[in-house]
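Listed below, chain by chain, are the residues.
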Amino acid sequence: MAGYSAESGGLGAGTAVTGGAIQPSIWNALLYFTPLAIFPLLANAAINGGWWIAAPFAYFLFGDYSDIIFGTEKRNMDPEKTPETRLFWYRLSLWMWAALWPVTFVFSLWQILVVGNLSTLETVLVAVALAGAAQTIFIVGHELIHQRSVWERRVGELLLANMSYPQYATEHVYVHHNLVCMPEDPGSAPKGVSFWRYLPRDLAGSFVKAWRFERNRLARRHLPVWHYTNPFWRYLVETGAWYALVYWMGGPWVLLIFAVLCLAVITSMKIINYVQHYGLRRIRMRDGRFEGIRPRHSWSAADKVTNLLHYNMQRHPDHHTAPSRPYPLLQHHGESEAPQLPGSYVKMAGLAMAPRRWFETMDPLVDRWRANFYPQIDDWAVYDSSVSAERPEAFDALAEIFGAAPRLAEWCNRAPELLDSLREREFADLDLPDGFGPDPEFEAIARHGIALLYWTREFGVPEMRERIADYPFQGVKEAVETARNWSNDKVFQIGVLTMRGNLSPVEAGIALSNIAEASIASVLSAVEEDFAGRGVGGGVAVVVQGDFASGDAAPGAELDLFFVYDRGPAEYYEALCRRFLEELDALSRDNLLFAPVPRGRKGRAVLTLDDFTERHRTSGLASELLELTRARCVFKSGDAGIGDRFDEARREILTHGAARAALIALLRKATENAPEPGLLSIDDMHGGFRDVDRAARFLQLTHVGDAPEVLVPDAVSVLRTAGARGWIPADAAERLAHAARQWQNLRGILRLVATDDFAVDTVGPKVKAVIARSCGMDDFGALRTAIRETASRAAADIDALEGMHSNRFRERRKS
């Protein structure tokens, strides 16, 4: 994601005065006395009931629909030429609203609860009308808490306390205005988040951040959080006074109803908050700070009557650029400076309650805003993510991850705590900072060398098991949780190192295989300890197959394993292995490295070593024999010699197994209907991963009886051994080994950074750069060419080898 600079982004920075100027006068100010009309209507409804109750609702409908008649007002009052002394009549309207609301509210409650002259239905309707009028509390209270005079701010608090939300005085002024349109502001909704998802986060986050702000402010003055200057004491007393009044008039049930109505009013205020900043974001600049607040960071609307009734609430862009500016002086900003809503705030608030229609209307406008003001930003995923709000200190790392590795970004969204692992000294020491060397090439080589040495030489399985054992845990369940958490942290670290080019995917595969073995062994050791004292001799070998065995591990692979035991009672080892399988299934849940074990999958039968050998020698399947070519013992319980005996049995089976001839014939069979060479067909194309691996397994099976060194599970070692022993031409062996490495790198990086819906044509340029670099290419185009050339050479070499071995096979049959 490109950094932002003030010079490169956006259109215009000045304040636009559109449509001429408005002069302050008592006649213009009288228009803002219109909201006061609600008070006699409410009082009359509370006294007389009946059809008089319809009057407040008619007032609300007038406000909602009159914009259609009266249109918009885009003219401004000049703030530089208008002293505040000329705004008395405008401010008087605000003060009168603040004075009349408590009187009207208490009077209406008295009529409803004490006088009791209204029916139940009339009582409910008057209560709803009061709640409708109370929505203006937040507008008036908001205006007052921004004033310089203390008495106005206290009156604002008292009004907000009437609706159980006085902490808004702290949260709005000191938190929201500071963090607006940044990921950590709970009041700024990211694109794609519905109001109903936004609401609980905003309610909880606003309170927590307001409390933390006041706590930290007291701490800087060396005062305890419970000091009397903490405004939360005032908030508590102010809110408590209103609740005490309601309780005195109506009792506990009325108190509960009052609390519900307060929640409804707060929710209506939160809807407006949601509308005001939906999808808008301030950009992270190159120096690590977020850009300053501009009109572009709030949605604007110019509907005339709505602004009159709500004290210019819709001129929110200007309020954020000049927070202390009185409402009459708030400026309307045109399209070149601020995004425009397709309707009034009231209309858009109603739309926000229907997420599907809201997204259909607003998301294209958000996309247009981004293209208009920030054309240099090509990836907004990190700004829209929830994890950037939870981990604002990790924003730079998140921006890098979201731009270059979508799968790692998914992990961060699912488990933000993974980011903490990037602050561990172990990771920081490996991921050296920029600028430590004479040039970037030297730095890249140094980072790669350090990471490679650590993860493939210094930090092996024994060291990993020691590291896991350092964590405190009791019992098998905690051992599983500890191993899973440790494994996830390390997998994420390796993913970031690979994304940055500090490890190749092949090298990462070795490290991930070691992590898999260490976490498996740690869990099984805990199970073994739980069974301590019940063993009666013998031993059991836990064997993994596939990528985890060949050192080619990647996230999300299924853990394929089986158990064989020797010289012990069947009941004991069957019970032990069932427990092994249960805990390994538990380890695979929420694990970045292992795919979840499918439900209903039955564990493989536990066999004695003799039965295992005999079964494969007499009746084993070709597919099972192929799996054994890539198998490795990762844990031994009891007799340590069980591992060596398993390797001997494996060699015996591969040399003399019943399915050996059928498997060799299958491996010699050419691939049919292979797709064209390409990034997403590396497994199945001619000369692709399966063809090269098939050639290696063919060589392994045909020579394992004479050369035990080809018993290794990875294809590259088998091919190079074949070339060194003269079974195939050395140059062909090296080309095939190179192809195997290339396919391993490609498969590894795709499984590490690409999501399941990965599409080559739509993926971002940074993802393509990561994939190309992981395969040693300068760009994605060069990688495409290399794939075709490598596949073509590998296919030709495999065809030649098949012909050579067919001739040798015919000559042997003749002799």
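Whatever comes next refers back to the structure up there.
These lines cover the structure that appears in this document, whether it is placed above or below. Remember, predicted model here, so these are calculated numbers, not experimental data. For every chain, the first residue of the written sequence is number 1, and numbering continues from 1 along that sequence. Owing to the predicted nature of the model, reporting of local features is limited to residues with pLDDT of at least 70; listing and counting of side-chain atom pairs is limited to 80 or more, with chain, interface and lining totals taken over all residues. Side-chain measures were taken over the full set of non-hydrogen atoms in the model, leaving aside hydrogen atoms and water.

## Description of the overall build of the protein chain
To keep it simple, the criterion reads: Helix numbering and strand numbering both begin at the N terminus, where a helix is a DSSP run of H or I of at least 4 residues and a strand a DSSP run of E of at least 2. Our radius of gyration is a C-alpha quantity, and the globule rule it is checked against amounts to 2.2 Å times the number of residues to the power 0.38. Summary of the burial criterion: residues with accessible area below 20% of their type's maximum are buried, those above 50% are exposed, and those between are partly exposed, where the area comes from a 1.4 Å probe applied to protein chains only. Throughout, a contact is declared for two residues whenever any of their heavy atoms are within 4.5 Å.
Along its length, the protein chain carries 34 helices and 4 strands. Taken over C-alpha atoms, the radius of gyration comes to 36 Å for the protein chain, far larger than the 28 Å a tight globule of 815 residues would show. Over its C-alpha atoms, taken along the principal directions, the protein chain stretches across nearly 115 × 60 × 55 Å. Each of the 815 residues in the protein chain was classed as buried or not, and the buried ones make up 54%. Contacts spanning at least 24 positions in sequence make up 73% of the contacts within the protein chain whose residues lie at least 6 apart.

## A closer look at the packing of aromatic side chains
Each aromatic ring pair is summarised here by two numbers: the centre-to-centre distance and the angle between the ring planes. Just so we agree on the cut-off: Here a Phe, Tyr or Trp ring, Trp counted by its six-membered ring, pairs with any other such ring whose centre lies within 6.5 Å, and the pair is stacked when the planes are under 30 degrees apart, edge-to-face when over 60, and tilted otherwise. Placement of a charge over a ring requires the Lys NZ or Arg CZ to be within 6 Å of the ring centre, with the centre-to-atom vector within 35 degrees of the ring normal.
In this structure the tally under the stated criterion is 49 aromatic pairs. Ring centres of Trp211 and Phe232 lie 5.2 Å apart, and the angle between their planes is 80°; this geometry places the pair in the edge-to-face category. In this pair, Trp211 sits in helix α8 (residues 195-220) while Phe232 sits in helix α9 (residues 231-250), placing the two residues 21 residues apart along the sequence. Using a relative accessible area of 31% as the deciding quantity, one classes Trp211 as partly exposed. Taken together, the ring pairs in this structure connect Phe39, Trp97, Trp101, Phe105, Trp242, Tyr243 and Phe258 into an aromatic cluster. Over the aromatic face of Phe689 sits the side chain of Arg747, whose NZ or CZ is 3.9 Å from the ring centroid.

## Concerning the side chain of Asn488
The condition is simple: N or O atoms within 3.5 Å of each other form a polar contact, as long as, within protein, one can give a hydrogen and the other can take it, and as long as residues adjacent in sequence are counted only when both atoms are side-chain atoms.
Mapped onto the elements of the fold, Asn488 is located in helix α22 (residues 475-499). A distance of 2.9 Å separates a polar atom in the side chain of Asn488 from the backbone nitrogen of Leu592. With near-sequence residues (within four places) excluded, Asn488 lies in contact with Leu418, Asp590, Asn591 and Leu592.

## Re the sheet that holds strand β3 (residues 607-608)
For the record, the criterion: A pair of strands is labelled paired if DSSP reports no fewer than 2 bridges between them. Helix axes are fitted to C-alpha atoms over the stretch in contact, other axes to C-alpha atoms as well, and angles between N-to-C directions run from 0 to 180 degrees.
Taken in spatial order, the 4 strands line up as β3-β2-β1-β4 in an open sheet, and their pairing is mixed. Each end of this open sheet is capped by a strand with a single partner; those strands are β3 and β4 (631-638). Relative to β4, strand β1 (residues 539-545) is paired through 7 bridges, and the arrangement is antiparallel. Following the sheet pairing, Val542 is matched in β4 by Phe635. Against the sheet, helix α28 (residues 642-656) makes contact with β1, β2 (560-566) and β4, and its axis sits at roughly 110° relative to β2, the strand it touches most.

## Description of the nonpolar core
In plain terms, the rule: Each nonpolar core is a collection of buried residues, namely Ala, Val, Leu, Ile, Met, Phe, Trp, Tyr and Cys, held together in the definition by side-chain atoms within 4.5 Å.
Core analysis: the largest hydrophobic core is formed by 238 residues, its most contacted members being Trp101, Trp455, Phe492, Leu679, Trp743 and Ile771. The dominant element in this core, judged by the number of residues it contributes, is helix α23 (residues 505-530), at 12 residues. Grouped together as the second largest cluster of nonpolar side chains are 6 residues, Ala45, Ala46, Ile112 and Leu118 included.

## Remarks on the pairing of β1
Each regular strand carries side chains that alternate between the two faces of the sheet. Taken across its 7 residues, β1 has 7 buried, putting it largely inside the fold. Across the two faces of β1 the burial is the same, with Gly539, Ala541, Val543 and Gln545 and Val540, Val542 and Val544 all buried.

## Let's talk about a nonpolar patch on the surface
Short version of the rule: The patches described consist of residues with a relative accessible area above 30% and no salt bridge, like charges being joined within 9 Å and nonpolar side chains (Val, Leu, Ile, Met, Phe, Trp, Tyr) within 5 Å. Calculation of accessible area relied on Shrake-Rupley with a 1.4 Å probe; when residues are assessed, cover is drawn exclusively from the protein chains displayed. For this document, the term salt bridge refers to a Lys or Arg side-chain nitrogen within 4 Å of an Asp or Glu carboxyl oxygen.
On the surface, a cluster of nonpolar side chains totalling about 720 Å² of accessible area is made up of Leu61, Phe62, Tyr65, Ile68, Ile69 and Phe70. Within the element layout of this structure, Tyr65 appears in helix α3 (residues 54-70). The exposure class assigned to Tyr65 is exposed, which follows from its relative accessible area of 54%.

## So, the packing of helix α5 (residues 120-145) against helix α6 (residues 150-162)
Keep this limit in mind: Each angle gets one of four labels, with under 35 degrees taken as roughly parallel, over 145 as roughly antiparallel, 65 to 115 as roughly perpendicular, and the rest as oblique. Working rule for handedness: look at the near helix, and if it is turned counterclockwise from the far one by less than a right angle, call the crossing left-handed; if clockwise, right-handed. Each residue gets one of three labels, nonpolar for Ala, Val, Leu, Ile, Met, Phe, Trp, Tyr, Cys and Pro, charged for Asp, Glu, Lys and Arg, and polar for the others, Gly among them.
α6 packs onto α5 with a crossing angle of 155° between their chain directions and a minimal axis gap of 7 Å. In terms of orientation, α5 and α6 fall into the roughly antiparallel class. Considering the relative orientation of α5 and α6, their crossing is left-handed. Contacts between α5 and α6 involve Ile137, Phe138, Val140, Gly141, Leu144 and Ile145 from the first element and Glu152, Arg153, Val155, Gly156, Glu157, Leu159, Leu160 and Asn162 from the second. Grouping the constituent residues of the contact of α5 with α6 by class yields 8 nonpolar, 3 polar and 3 charged.

## What to know about the pattern of salt bridges
All chains considered together, the criterion is met by 44 salt bridges. Two residues, Glu583 and Arg579, come together in a salt bridge whose shortest N-O distance is 3.0 Å. Placement of the pair is Glu583 and Arg579 together in helix α25 (residues 570-588), with a separation of 4 residues, close to one helical turn.

## Here's the deal with α22
Here is the rule: Here, expected helix span is obtained from the residue count minus one, scaled by 1.5 Å.
Over its 25 residues, α22 runs 36 Å from end to end, which matches the ideal 36 Å to within 8%, given 1.5 Å per residue. Among the 25 residues that make up α22, 19 are buried, leaving the element largely enclosed by the rest of the structure. Of the residues flanking the end of α22, it is Gly501, one or two places downstream, whose phi is positive at about 85°.

## Quick look at the pairing of β2
Within β2, 6 of the 7 residues are buried, which leaves the element mostly enclosed by the surrounding structure. Here 2 bridges tie β2 to β3, and the two strands are oriented parallel to one another. Bridging across to β3, Val564 finds its partner in Leu607.

## A few points about unusual backbone geometry
Positive phi outside glycine occurs at Ser164, with the angle close to 65°. Summarising the element assignment, Ser164 is placed in the loop between α6 and α7 (168-179). One non-glycine residue, His222, lies in positive phi territory at about 60°. Tracing the sequence through the fold places His222 in the loop between α8 and α9. Residue classification places His222 among the exposed positions, given a relative accessible area of 73%.

## Describing the environment of His227
The residue His227 is located in the loop between α8 and α9 in this model. Considering only alpha carbons, one finds His227 and Asn312, 85 residues apart in sequence, at a separation of 37 Å. Once residues lying within four places of it in the same chain are set aside, the contact partners of His227 are Leu218 and Trp233.

## A look at the environment of Ser206
In this fold, Ser206 is placed in helix α8. On the basis of relative accessible area, Ser206 is assigned to the buried category, the value being 1%. Considering only alpha carbons, one finds Ser206 and Thr170, 36 residues apart in sequence, at a separation of 9.3 Å. Ignoring anything within four residues of it in the chain, the contact list for Ser206 reads Tyr165, Glu171, Pro186, Arg201 and Lys270.

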